Amino acid sequence: MAEQHPSEPASEPPSVLWFRRDLRLGDHAALMTAASHGPVTALFVLDDTLLASSGGPRTAYLFRTLRALDADLRSHGGALTVRHGTPQDVVPALVQEIGAAAVHVSADFGPYGARRDERVAAALGEVPLVPTGSPYAVAPGRVLKADGTPYKVFTPFYRAWSEHGWRRPADSDPARVTWLVVDGDAIPDDPATDAELPEAGEAAALETWKAFQENGLRHYAKIRNRPDLDQTSRMSPHLKWGTIHPRTMLVDLEGGNDAYRRQICWRDFYGQVLHHWPSSAHDYFKPDMKRMRYDGGKHADEAFETWAKGETGFPIVDAGMRQLLAEGWMHNRVRMIVASFLVKDLHLEWTRGARHFMDHLIDGDLANNQHGWQWTAGTGTDAAPYFRVFNPVSQGEKFDPTGDYVRRWVPQLRAIPGAAVHQPWTQDEPPADYPPPMVDHKVERLEALDRLKAISRET
Ligand SMILES: Cc1cc2nc3c(=O)[nH]c(=O)nc-3n(C[C@H](O)[C@H](O)[C@H](O)COP(=O)(O)OP(=O)(O)OC[C@H]3O[C@@H](n4cnc5c(N)ncnc54)[C@H](O)[C@@H]3O)c2cc1C
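Numbering of residues starts from 1 in each chain and follows the order in which that chain's sequence is written. The model is predicted, so local features are restricted to residues of pLDDT at least 70 and side-chain atom pairs to those at 80 or more, both for listing and for counting; the totals for chains, interfaces and linings are taken over all residues. Side-chain measures here rest on the full set of heavy atoms in the structure, leaving out hydrogens and waters.

Novice: A description of the domain arrangement of the protein chain should follow, citing residues and the corresponding values.
Specialist: A domain assignment, automatic or from a database, supplies the domain bounds used here. One can read the domain layout of the protein chain as domain 1 (2-134), domain 2 (135-169 + 202-276) and domain 3 (287-458). Distance from the C-alpha centre of domain 1 to the C-alpha centre of domain 3: 39 Å. With both sides pooled, the region where domain 1 packs onto domain 3 buries about 590 Å², and carbon together with sulfur makes up 51% of that total. Interface area lost by domain 1 to domain 3 is led by Pro57, Arg58 and Tyr61, which between them contribute 69%. Criterion for a salt bridge: a side-chain nitrogen of Lys or Arg within 4 Å of a carboxyl oxygen of Asp or Glu. The interface formed by domain 1 and domain 3 contains 1 salt bridge. We note a salt bridge from Arg21 to Asp365, for which the minimum N-O separation is 3.0 Å. By the criterion applied in these results, polar contacts are pairs of N or O atoms within 3.5 Å in which, for protein atoms, one can donate a hydrogen and the other can accept it, and in which residues neighboring in sequence qualify only through two side-chain atoms. On inspection of domain 1 and its partner domain 3, the count reaches 3 residue pairs in polar contact (both at pLDDT 80 or more). Going along the chain from the N terminus, every DSSP run of H or I of four or more residues is numbered as a helix, and every run of E of two or more is numbered as a strand. Ranked by the residues each element gives to the side of domain 1 that touches domain 3, the list is headed by helix α3 (residues 56-74), at 4 residues. For this classification, Asp, Glu, Lys and Arg are treated as charged, while Ala, Val, Leu, Ile, Met, Phe, Trp, Tyr, Cys and Pro are nonpolar and the rest, including Gly, are polar. Split into classes, the residues belonging to the side of domain 1 that touches domain 3 amount to 3 nonpolar, 3 polar and 2 charged. Buried area is understood as the total, over both parts, of accessible area removed when two parts are fitted together, assessed with a 1.4 Å probe.

Novice: Describe the layout of surface pockets, listing the residues and the values that go with them.
Specialist: A probe as big as a water molecule, rolled over the atoms, marks out the empty space that is left. A cavity here means a set of points on a 1 Å grid, drawn over the protein atoms and nothing else, where a 1.4 Å probe fits but cannot get out; a pocket is an open set with protein on both sides within 12 Å along at least five of seven lines, and a residue lines either one if it has an atom within 4 Å of a point. Grid points are joined across faces, edges and corners, and a volume is the space filled by probe spheres set on the points. The space that makes up the largest pocket amounts to roughly 1100 Å³. Lining the largest pocket are 40 residues, with Arg224, Gln263, Trp266, Asn332 and Asn368 positioned closest to its centre. At the level of secondary structure, the elements contributing two or more residues to the lining of the largest pocket comprise α6 (154-164), α9 (236-241), α11 (258-276), α14 (332-345) and α16 (366-377). It is α11 that contributes the most residues to the lining of the largest pocket, 7 residues altogether.

Novice: Could you give an account of the pattern of salt bridges, with specific residues and numbers?
Specialist: Enumeration over the complete set of coordinates arrives at 27 salt bridges. A salt bridge links Glu254 to Arg168; the shortest N-O distance between them is 3.0 Å. Of this pair, Glu254 sits in the loop between α10 (246-252) and α11 while Arg168 sits in the loop between α6 and β7 (179-182); the two residues are 86 residues apart in sequence, bridging distant segments of the chain. Judged by its relative accessible area of 47%, Glu254 falls in the partly exposed class. Notably, a salt bridge pairs Glu447 with Arg293, separated by 3.4 Å at the nearest N-O pair. With Glu447 in helix α19 (residues 441-458) and Arg293 in the loop between α11 and α12 (297-309), the pair connects residues that are 154 residues apart, well separated along the chain. Residue exposure (1.4 Å probe, protein chains only): buried if accessible area is under 20% of the type maximum, exposed if over 50%, otherwise partly exposed. Taking relative accessible area as the criterion, Glu447 reaches 24% and is therefore assigned partly exposed. For Arg293, a relative accessible area of 51% corresponds to the exposed category. Here the salt bridges share partners, and the residues they tie into one network are Arg20, Asp108, Arg116 and Asp117.

Novice: How would you sum up unusual backbone geometry? Please name residues and give values.
Specialist: In this model, Asp27 sits at a positive phi of 45°, which is unusual for a non-glycine residue. Along the chain, Asp27 turns up in the loop between β2 (15-19) and α1 (29-35). On the basis of relative accessible area, Asp27 is assigned to the buried category, the value being 7%. The phi dihedral of Arg234 falls on the positive side, at around 55°, and the residue is not glycine. Summarising the element assignment, Arg234 is placed in the loop between α8 (220-223) and α9. For Arg234, a relative accessible area of 26% puts it in the partly exposed group.

Novice: Any chance you could break down the pairing of β2 for me, citing the residues and the numbers?
Specialist: Of all 5 residues making up β2, 5 are buried, and the element is well covered by its neighbours. Where β2 and strand β3 (residues 40-46) come together, 5 bridges link them in parallel fashion. By the bridge assignment for β3, Ser15 is matched with Val40. Of the crossover connections in this fold, the one passing from β2 over α1 to the parallel β3 is right-handed. For two strands to be treated as a pair, DSSP must find no fewer than two bridges joining them. Pairing geometry for β2 and strand β5 (residues 103-105), over 2 bridges, is parallel. Paired with Val16 across the bridge in β5 is Val103. A clockwise path from the first strand over the helix to the second, with the strands pointing away from the viewer, defines a right-handed crossover.

Structure representation (structure tokens):
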């Protein structure tokens, strides 16, 4: 059943705006294009393939974001039509139901999204699937080297990306859109999760961004590596789901703030790496590293569980893993430390850790996550060299010098003051309810380097 707002009959056929990772109404290029052709029906497809790859916290956060988008649409006379099913069935069915002339989307450059869109375009036949804009400041494929090949190294990419520039925000005022409301399925209840999630939706994204500009941005370059100060922007879940476009943020960064702009560029960089090398989502970007000896079997499974629960006996690692379970988010520096620990101290493959992160992160993003893991594991493009092994104690002392981060997440260590919290075993009476270190870092570092030497000898 379709209901049109405002009540004036429209002469032009409607179109469908199919939302995916662009769950906002402001600065929305595809919405602008759709609205310029006539009435618009807002659609979101609950696609089982994507839901199956998302853990409870991210799914719950998605559902909250959808509810917020629906409420925003309703305040402008529209509504979000949610349909459960396979996109190549659902989208053409809706097109037929309302007689839509086109389906508008923000382009998806991920491996699954690109394949899905090809299938949907084929199923739509004569009705075009029209991409306008993307989740990135500069769409993957636009910034290339002089010889036309993609960048594998960040710094020259950053230079070329800055020179290329990006469009101004799109003026997609939802009040000017004629919405065509169509019945759909209910947004499901949130799946159970123990994680305490931040506010979802476009208004929350804009508020978070505003608060960060007022309080955190000025000090960002100095404090971005300090999990104890906890003053990074926390924009990642919003960027993941597109409740804000990076362009909206870049406009506010004009005239300085290079350190923050670089981080937005890392996101674009990994987006284009995944676009040009889709297999890097699962395969080692440096194939030689696949030949390294990694641990498997029961002992490795137990070590993985200990790491995942945050019971390794290394305070900064445990604090990070517990923050992940409690908030569905972890500070970037700590993501690097826990990832390094899994790969270089426990000798497990990065893919295992990446899967665990994707299960728990509300900002879980295939491009950022897989390449963040490959970077830390020394297997990726422009990666930290494998032989650079993070020492979890000195990393803790350097980046959590107050010890506040560890004490926040590991209650068993709260009685230990200052940076001494990073070595609880040196206390006269180490806390009885906190485990001793599960490995000897010095020994495991040498073991990691031996394993690297073994594959270097073979090549
Ligand atoms: C092992 C590992 C896994 C990661 N997994 C993810 C993930 O699944 N999703 C995700 O969004 N980020 C991931 N990152 C990158 C980074 O940790 C997060 O983007 C950041 O911690 C989010 O917090 P923030 O928004 O406060 O960041 P800020 O420091 O405020 O940065 C602003 C934004 O820049 C982008 N950004 C910052 N650092 C990076 C980076 N290293 N790579 C790519 N983009 C970056 C993010 O979109 C972020 O929101 C991962 C990093 C590592 C080392």
